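Residues per chain, in single letters:
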Amino acid sequence: MDDIVSVNLGTRSYEVCIGTGLLARAEAQIAPLLRRPRVAVVTDETVGPLHLDALRAGLGQIEMVSLTLPAGESTKSWPHFTRTVEWLLEQKVERKDIVIAFGGGVIGDLVGFAASVLRRGVRFVQIPTTLLAQVDSSVGGKTGINSVVGKNLIGAFHQPTRVLADIDLLGTLAPRDFLAGYGEVAKYGLLGSASFFDWLERNGPALAQGDTALRQEAVRRSVQMKADIVERDETEEGDRALLNLGHTFGHALESATGYSDRLLHGEGVSIGCALAFELSQRLGLCAQEAPSRVRAHLRAMGMKTDLSDIAGDLPDADGLIALMAQDKKVLDGKLRFILARGIGEAFVTSEVPADTLKTLLQDALASRA
Ligand SMILES: NC(=O)c1ccc[n+]([C@@H]2O[C@H](COP(=O)([O-])OP(=O)(O)OC[C@H]3O[C@@H](n4cnc5c(N)ncnc54)[C@H](O)[C@@H]3O)[C@@H](O)[C@H]2O)c1
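Residues numbered from 1 in each chain as written. Predicted model: local features only at pLDDT ≥ 70, side-chain atom pairs only at ≥ 80, totals over all residues. Heavy atoms only, no water.

(A) Examining the overall build of the protein chain more closely. Broken down by element type, the protein chain carries 13 helices and 11 strands. Seen through its C-alpha atoms, the protein chain measures out along the principal axes to roughly 60 × 40 × 40 Å. Residues counted as buried form 59% of the 369 residues belonging to the protein chain. A fraction of 73% describes how many contacts in the protein chain between residues 6 or more apart in sequence connect residues 24 or more apart. Carbon and sulfur atoms provide 50% of the accessible area of the protein chain, an area that totals close to 14,600 Å². Separation between the mean location of the 39 positive side-chain charges and that of the 46 negative ones in the protein chain comes to 4 Å. (Helix = DSSP H or I, 4+ residues; strand = E, 2+ residues; numbered from the N terminus. Buried < 20%, exposed > 50% of the residue type's maximum accessible area, 1.4 Å probe, protein only. Contact = heavy atoms within 4.5 Å. Areas by Shrake-Rupley, 256 points an atom, 1.4 Å probe, with all protein chains shown as cover. Lys, Arg positive; Asp, Glu negative; His and termini not counted. Charge placed at Lys NZ, Arg CZ, Asp CG, Glu CD.)

(B) A look at the nonpolar core. Core analysis: the largest hydrophobic core is formed by 76 residues, its most contacted members being V16, Y182, F249, L307, F337 and L357. Filtering out sequence-adjacent residues up to four positions away, Y182 remains in contact with L131, L200, G204, L207, H297, M301 and M303. (Core = buried A, V, L, I, M, F, W, Y, C linked by side-chain atoms within 4.5 Å.)

(C) Quick peek at the sheet that holds strand β3 (residues 38-44). Spatially, seven strands are ordered β1-β2-β9-β6-β5-β3-β4 in an open sheet, and the strand pairing comes out mixed. Where the open sheet ends on each side, the last strands, each with one partner, are β1 (3-7) and β4 (63-69). Strand-to-strand twist across the sheet, computed as the mean angle between neighbouring axes with direction ignored, equals 20 degrees. In terms of strand pairing, β3 meets β4 through seven bridges, oriented parallel. Its bridge partner lying in β4, R38 is registered against E63. In the packing of helix α2 (residues 47-59) onto the sheet, contacts are made with β3, β4, β5 (98-103) and β6 (123-128), and the angle to β3 comes to roughly 165 degrees. Across the sheet, helix α8 (residues 212-232) is in contact with β1 and β2 (14-19); its angle to β1 comes to roughly 10 degrees. (Pairing = 2+ DSSP bridges. Axes fitted to C-alpha atoms, helices over the stretch in contact; angles between N-to-C directions.)

(D) Geometry of empty space enclosed by the protein. This structure, assessed with the given rule, holds two cavities of 30 Å³ or more. Estimated volume of the second largest cavity: approximately 30 Å³. Considering the residues around the second largest cavity, the lining is formed by N244, G246, H247, T248, F249, A276, F337 and I338. Where the lining of the second largest cavity is concerned, the elements lending two or more residues are α9 (247-256) and β10 (337-340). A total of three residues in the lining of the second largest cavity trace back to one element, the largest contributor, which is α9. Taken together, the residues of the lining of the second largest cavity break down into four nonpolar, four polar and no charged. (1 Å grid on protein atoms, 1.4 Å probe; cavity = no way out; pocket = protein on both sides within 12 Å on 5 of 7 lines; lining within 4 Å. Points joined across faces, edges and corners; volume = space filled by probe spheres on them. Nonpolar A, V, L, I, M, F, W, Y, C, P; charged D, E, K, R; others polar.)

What follows is the structure, given as structure tokens:
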């Protein structure tokens, strides 16, 4: 049975439908949103060959045109953004039409941003195909691309009109990509729900091995938590920043590794969560056991947790801090961190002494030696 999570944002409200076999039922899901039976789909070179025919079949009487972009983080850039917008115009996509983002977070972010500027804004539907995109990036309306200066620095808030999270699509994900998405799932437990983190400790391994019901439950709980936070703070004036647990460190590490295969986004988040709990403990905010428990679960899942898990050179502590300073969360020149008083008890603060941060990073870098 499908789960429905509502994201209540007044005129921008929408539903996230989570279930199995959704692609085959795409026509019933999407036809009610359309003024004419035509959609423009953007996907990537991995997802297209695997699942585009199934989407076309599922759309039934709805005509589908499609654009396939290269896979990977470097696609979230001006050249592919320009190409996508121009292609949508060539396809004569009108103000009342729907664009479909069919892929992981890269395609979702890029296509959502393209939809936000096309003819000053057209509607779009997210069909997220990675665990990360199903639990996080497809919900909440943050869209955008990367700049050479930093990640996600160019973008817009543009809520989707519907999200269809088909759990079956996760079956073709490479194990490394599945686990990267699990970094964001664990993040929800760590930031706001100790009981969800308990549940993940018990069910994470079976879920990773392919249990569909457990996967659906993990996606439902994650999306519900994200929806609750986005409803309270759509444009990140306050609480929404909690969703960035692990990201201040993670984004700096992604930047240091050139947004490459050396470190996937969710892997950076996983290491970042471990560092955020370590920092919280060093500042006397949480118990000694908390960072060990975080690291133990992520390790048991086979995830990256330490800087020593990243191959190749990294900048020194000052270099990493300089990269953190490019983060969007910097306010009045001060770095903001998401720290925790315990598992499920995260909060936002700018009060991190520079020497504690530097020592933490020096120690983490020393463990690579
Ligand atoms: N907008 C937001 O709120 C938000 C939140 C979190 C992350 N993000 C962004 O999301 C991006 C990361 O997303 P991602 O991890 O989904 O990366 P991704 O889109 O690059 O997908 C990862 C890889 O999996 C492949 N893939 C996708 N679906 C597949 C499937 N069903 N089967 C086989 N392979 C498949 C892709 O081709 C790609 O190679 C980052 O750019 C990050 O900044 C955005």
